[in-house]
Amino acid sequence: MDWGTLQAVLGGVNKHSTSIGKIWLTVLFIFRIMILVVAAERVWGDEQDDFVCNTLQPGCRNVCYDHFFPISHIRLWALQLIFVSTPALLVAMHVAYTRHEKKRRFRNGEKIDIEELKNEKIHIRGPLWWTYTSSIFFRIVFEAVFMYVFYYMYDGYQMPRLVKCEAWPCPNTVDCFVSRPTEKTTFTIFMLAVSGICMMLNLAELCYLVIKICMKESRKTT
Amino acid sequence: MDWGALHTILGGVNKHSTSIGKIWLTVLFIFRIMILVVAAERVWGDEQDDFVCNTLQPGCRNVCYDHFFPISHIRLWALQLIFVSTPALLVAMHVAYRRHEKKRQFRKGDQKCEYKDIEEIRRQRFHIEGSLWWTYTGSIFFRLIFEAVFMYAFYFMYDGFRMPRLMKCNAWPCPNTVDCFVSRPTEKTVFTIFMIAVSSICILLNVAELCYLLTKFFLRRSKKAGNSKQQSNHENKEETKQNEMNELISDSCQNTVIGFTS
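Just so it is clear, the model here is predicted, and its values are computed rather than measured.

**Let's talk about the overall build of chain B**
Per the secondary structure count, chain B includes eight helices and three strands. For chain B, the succession of helices and strands along the chain, N to C, is α-α-β-α-α-α-α-α-β-β-α. Taken across its 262 residues, chain B has 40% of its residues classed as buried. Across chain B, every contact between residues at least 6 apart in sequence was considered, and the portion connecting residues at least 24 apart equals 77%. For chain B, the exposed area adds up to about 15,100 Å²; of that, 60% sits on carbon and sulfur atoms.

Take a look at the structure:
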């Protein structure tokens, strides 16, 4: 059960998304999940082993590392990606429910072709529009929350080279040096930029859906 | 044999679950198993290597680690997830047994041919009625028990759900009392609380599903009691409708049985 399985689960949702939704899904998988797995995890792989403090005091390094990195960037990104992907499952569940209802009506004797039902692309109308729109809304909320959490937890998006630590049992103030700070800063800014692009795609999709429904309403009234 | 194989096995059970059961399965796979594999295992990966004690005494670090972490969180979660997933297999076995019985009836050429062909028996979705209801409800009950037992085991073993930064150890061969420092305590606390929260959500979903099944059962019983009184009034209407349905089914049954044998 890893990122590949998530891709399989979300791939099914792709069929019922708008074009912008499909672009968003591609950006998510290629520029975020894939970068996380093939690059970022290696950069952060030795974060604790190569976190070096200028002291012989046992335990000081552990405590300082824990103080400056309460949750590692990699875990935050993994959580962000899982939370951001999950609203799409609401749409998948709604589509599955709609199909189930149609099959039930078929069994009760109404004339619907069962093969066509399986391959049917369900249009984003009615209650499905509301489910889809709220899933995009939740995506935007989760993205914003995680971006803020990053900013708050690490005082910005830059990884410092040196952190000064005074937590017990460190004697007085101890200099601790972070492993690969420049590479980490680069990847943090990259992931932030792609996160920003995903938010803009979501906003564009939201606007598109709202405009579509407004135009449909105005067509009905005229 | 890994989490992917479990996903394949349980995916089949999904078809026969209620809607709440399907949501439970999704939460299990995405918020528990996936989080465990992609995040939690890395956090706990260096738990013994970076467990540091303020002593030069050989063996002291090993003994203290073993004393404070009898079973690692990761292993407990893996066991919990396996035990919690397993009752669903009871349902899968019951469904497979029913299918086998129906295939046997079909092959014997039973006149009550409800199925067009053997493929439909394979694809059929069984409704949760009769003995399957009891199996399904029993499986949910066991899930609840296992979840509660493991949550209690966590609480008991680690004195709560928080990972301390420092542990004071005086097990032999450590000299007097020794300070030992845990690796990544804050991150571990965050993930422990996350997993407990999702575990509670799963318990709530299971309780909701149990209530739903019980309600459905009692409603069905009261409907049956009501129906038997009004049966004579509705009998004619029901009969004509059933006759039409039977004609449709037997027509298509004939066509497909011919197709099957030729």
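Now that the structure is up, let's keep going.
**Structural notes on the UniProt feature "domain: Connexin N-terminal" (unreviewed entry) in chain B**
Those residues carrying the UniProt feature "domain: Connexin N-terminal" (unreviewed entry) are residues 42-75 of chain B in this numbering. Annotation note: span residues 42-75 of chain B, helix share 41%, strand share 6%, distance between end C-alpha atoms 13 Å.

**A look at the interface of chain A and chain B**
Of the residues lining the interface, 35 residues belong to chain A; the matching set on chain B comes to 37 residues. Surface buried jointly by chain A and chain B totals about 3,100 Å² across both partners, of which 66% is contributed by carbon and sulfur atoms. Contact with chain B buries area across many residues of chain A, yet M1, D66 and R75 of chain A alone supply 25% of it, more than any other trio. Counting across the chain A and chain B interface gives five salt bridges. Among the secondary structure elements, those contributing two or more residues to the side of chain A that touches chain B are α1 (3-14), α3 (60-68), α4 (73-85) and α5 (87-107) of chain A. Ranked by residues supplied to the side of chain A that touches chain B, first place goes to α3 of chain A with six residues.

**Here we look at the confidence of the model for chain B**
All names here are of chain B. Chain-level statistics for chain B give a pLDDT mean of 82 and a share of 81% at 70 or above. Counting contacts from residues 244-262, a segment whose pLDDT is below 50, to residues more than four positions away or on other chains yields eight contacts. Confidence estimates for the predicted assembly give a pTM of 0.82 and an ipTM of 0.81.

**Here we look at the sheet that holds strand β3 (residues 174-177) of chain A**
Backbone-to-backbone hydrogen bonds join strands into a sheet, with any given pair of strands oriented parallel or antiparallel. All names here are of chain A. An order of β1-β3-β2 is seen for the three strands of this open sheet, with the pairing classed as antiparallel. Only two strands of the sheet have a single partner each, and these edge strands are β1 (52-53) and β2 (162-165). Bridging between β2 and β3 involves four bridges; their strand directions are antiparallel. Bridge pairing in β3 links C165 to V174. Lying on the sheet, α3 is in contact with β1, β2 and β3; it crosses β2 at an angle near 110°.

**Remarks on the UniProt feature "transmembrane region" (unreviewed entry) in chain A**
The UniProt record marks residues 23-40, 77-97, 128-154 and 187-211 of chain A with the feature "transmembrane region" (unreviewed entry), using the residue numbering of this structure. The span residues 77-97 of chain A is 95% helical and 0% strand by assignment, and the distance between its end C-alpha atoms comes to 31 Å.

**Observations regarding the state of the cysteines**
Taken as a whole and judged by the stated rule, the model has six disulfides over all chains. C64 of chain B shares a disulfide with C169 of chain B; S-S distance 2.0 Å. Note on the C64 of chain B and C169 of chain B pair: the S-S dihedral is about -85°, so by sign convention the disulfide is left-handed. Pair noted here: C64 of chain B is in helix α3 (residues 60-68) and C169 of chain B is in strand β2 (residues 166-169), with a separation of 105 residues, a long-range link. Each of the two residues, C64 of chain B as well as C169 of chain B, counts as buried. Each bonded cysteine in chain B gets a number by its place in the sequence, and the pairs come out as 1-6, 2-5, 3-4. Its sulfur unpaired, C207 of chain A is 11 Å from the next cysteine sulfur, which belongs to C214 of chain A. Here C207 of chain A falls in the partly exposed class, since its relative accessible area comes to 46%. Here C202 of chain B is not disulfide-linked; the sulfur of C211 of chain B is the nearest cysteine sulfur, at 16 Å.

Rules and cut-offs
Numbers given for residues are sequential positions, taken from 1 along each chain in its written order. Throughout, the order in which chains and ligands are written sets their labels, letters from A for the former and numbers from 1 for the latter. It should be noted that, the model being predicted, local features are given only for residues of pLDDT at least 70 and side-chain atom pairs only at 80 or more, the latter also being counted only at that level, while totals for whole chains, interfaces and linings use all residues. Side-chain descriptors were evaluated using all non-hydrogen atoms of the structure, hydrogens and water having been removed beforehand. Strands are runs of DSSP state E lasting at least 2 residues, helices are runs of H or I lasting at least 4, and numbering of each runs from the N terminus. Partly exposed describes any residue whose relative accessible area lies between the buried limit of under 20% and the exposed limit of over 50%, with all areas from a 1.4 Å probe on protein chains only and scaled to the type maximum. Contact between two residues is taken to exist if any of their heavy atoms lie within 4.5 Å; hydrogens are not considered. Here the accessible surface of atoms and residues is derived via Shrake-Rupley with a 1.4 Å probe, and residues count as covered only by protein chains that are part of the display. UniProt positions are given in the numbering used here, feature names are shortened, and annotations may be inferred rather than shown by experiment. A 1.4 Å probe defines the accessible area here, and the buried area is the portion of it lost by two parts on being joined, summed over both. Whenever a carboxyl oxygen of Asp or Glu lies within 4 Å of a side-chain nitrogen of Lys or Arg, that contact is scored as a salt bridge. pLDDT measures how confident the predictor is about each residue, on a scale from 0 to 100. Each pair of strands is called paired provided DSSP finds at least two bridges between the two strands. Geometry is summarised by axes, namely lines fitted to C-alpha atoms with helices restricted to the contacting stretch, and by angles between N-to-C directions that run from 0 to 180 degrees. Here, two cysteine sulfur atoms that lie within 2.5 Å of each other are counted as a disulfide.

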